[in-house]
Amino acid sequence: RTRYPPNWVFSFHAHTFVSLILLVILTFTMRSTMTTVLTLALIPLAAAWAPIRASPLGRSSVVRHASGLSQDELKKMVGYKAVDDYVESGMLVGLGTGSTAAFAVERLGQLLKDGTLKDIKGIPTSVRTKEQAEELGIPLITLDEDSDIDVAIDGADDVDPDLNLVKGGGGALLREKMVEVCAKKFIVIVDESKLSKAGGLGPGFPIPVEITPFCAGHTQRLIGNLPSLAGCKPVLRLGSSSNNQPDGDEPAVTDNGNYIVDLFFDEPVKDAVKAASDLKNTVGVVDHGFFIGITTAVIIAGSDGISVKEAK
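For clarity, every value in this text was computed on a predicted model and none was experimentally measured.

A. The arrangement of the overall build of the protein in detail. Across its full length, the protein holds nine helices and 13 strands. Relative to all contacts within the protein whose residues are 6 or more apart in sequence, the contacts with residues 24 or more apart total 75%.

B. Local environment of the nonpolar core. Grouped together as the largest cluster of nonpolar side chains are 26 residues, with contacts concentrated most on Val83, Val87, Leu108, Val151, Ile153 and Ile187. Contributing elements (two or more residues each) for this core: helix 4 (71-86), strand 1 (92-95), helix 5 (101-113), strand 3 (149-154), strand 6 (183-191) and strand 12 (297-302). Counting residues per element, this core draws most heavily on helix 4, at six residues. Excluding residues that lie within four positions of it along the chain, Ile187 makes contacts with Ala82, Tyr86, Val151, Ala152, Ile153, Asp154, Thr296, Ala297 and Ile299. Judged by nonpolar contacts, the second largest core, of 22 residues, contains Val166, Ala216, Ala276 and Val285.

C. Highlighting the sheet that holds strand 11 (residues 290-291). Here we have three strands laid out as an open sheet, ordered 4-5-11, and antiparallel in their pairing. The sheet is open, and its two borders are formed by strand 4 (158-159) and strand 11, each paired with just one other strand. In this structure, strand 5 (residues 165-166) lies alongside strand 11, joined through two bridges in antiparallel fashion. Bridge pairing in strand 11 links Val166 to Phe290.

D. Structural view of helix 4. Taking 1.5 Å of rise per residue, the 16 residues of helix 4 would be expected to cover 22 Å, and the 23 Å separating its terminal C-alpha atoms lies within 8% of that figure. The complete set of buried residues in helix 4 reads Leu74, Lys75, Met77, Val78, Gly79, Tyr80, Ala82, Val83, Asp84 and Tyr86.

E. Broad picture of the packing of aromatic side chains. What the rule picks out here adds up to zero aromatic pairs. Between Lys167 and the ring centre of Phe291, over which it is positioned, the NZ or CZ distance is 5.5 Å. Positioned above the aromatic ring of Phe291 is the side chain of Lys177, whose terminal nitrogen or guanidinium carbon lies 4.8 Å from the ring centre.

F. Geometry of the packing of helix 5 against helix 6 (residues 127-135). One way to put it is that helix 5 packs onto helix 6 with a least axis distance of 9 Å and a crossing angle of 25°. By the angle class used here, helix 5 and helix 6 are roughly parallel. The two elements helix 5 and helix 6 cross, and the hand of that crossing is right-handed. In this structure, helix 5 uses Ala102, Val105 and Glu106 to contact helix 6, whose residues at the interface are Thr129, Gln132 and Ala133. Taken together, the residues of the contact of helix 5 with helix 6 sort by class into three nonpolar, two polar and one charged.

G. Just the sheet that holds strand 13 (residues 305-310), in detail. Read across the open sheet, the six strands follow the order 2-1-3-6-12-13; overall the sheet is mixed. Edge positions in the open sheet fall to strand 2 (121-124) and strand 13, since each of these has one partner strand only. Geometrically, the sheet is characterised by an average inter-axis angle of 20° between neighbouring strands, direction not taken into account. Across five bridges, the pairing between strand 6 and strand 12 is parallel.

Each value, and the rule that gives it
- Residues numbered from 1 in each chain as written.
- Predicted model: local features only at pLDDT ≥ 70, side-chain atom pairs only at ≥ 80, totals over all residues.
- Heavy atoms only, no water.
- Helix = DSSP H or I, 4+ residues; strand = E, 2+ residues; numbered from the N terminus.
- Contact = heavy atoms within 4.5 Å.
- Core = buried A, V, L, I, M, F, W, Y, C linked by side-chain atoms within 4.5 Å.
- Buried < 20%, exposed > 50% of the residue type's maximum accessible area, 1.4 Å probe, protein only.
- Pairing = 2+ DSSP bridges.
- Expected span 1.5 Å × (residues − 1).
- Phe/Tyr/Trp six-rings, centres within 6.5 Å; stacked < 30°, edge-to-face > 60°.
- Lys NZ or Arg CZ within 6 Å of the ring centre and 35° of its normal.
- Axes fitted to C-alpha atoms, helices over the stretch in contact; angles between N-to-C directions.
- Parallel < 35°, antiparallel > 145°, perpendicular 65-115°, else oblique.
- Left-handed = near helix turned anticlockwise from the far one by under 90°.
- Nonpolar A, V, L, I, M, F, W, Y, C, P; charged D, E, K, R; others polar.

Right, here's the structure in full:
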């Protein structure tokens, strides 16, 4: 289907054409040497100006304009691109959770409404995504009805060079993982601030771990004592489960009725695969925010425009 450039790309061909006509008229009207010289000097400059501004949207155009965009605008760019590039009519789509994934859900709703996409079904990864999708008229089912997902689209809190992820800042890590491991393609959408600057997972974003409320303090201690997580500081999430900021006095409760412990690190986790396995094998842990080896591609928006990095 046709792709259209963002509305901040404008063509100046018409403006330049009119300017040239006026300059020529002025020359023959005034018939002065100075005017003629000035006109002849301005014509090539004006003609050269037009194609620069009106260049077709491509990598160079994105580079020129992306630098002035807000973080929300960058999120919208990658959210829309993921749907435009990876979703086709007839697909079953995993709908992620979070501020970036919300733009992908928004785009999916738009394309269904205008008829560009047809026969789409979605599987939401949280209550709030379910509510958004319903408002947009996206037909929804659950994994119980069909788990053969064509593509899942979601954001991430931290991305390492191997496209391993930390997810769960919004508290939906269990449902996100259940849906996204079932997808034939898992497309991750982020702005460049989510790319690991430490070379590994841990320091860039606390790693969430969903645990049972029963004896939560005991489970929190077990997690903190795991050798593969040496150096971590486990902190029980308080207030809202949808962010990892302490905005209340009571433990944050997920859509599944569980608690979340956030693991803070000063240094990258040495072996994320081992750490993920050890967490999963700890009694009392429901699941964790390590998403290892399931990413198909990451769409990144930043000051240099949009780039796509595919898994090797």
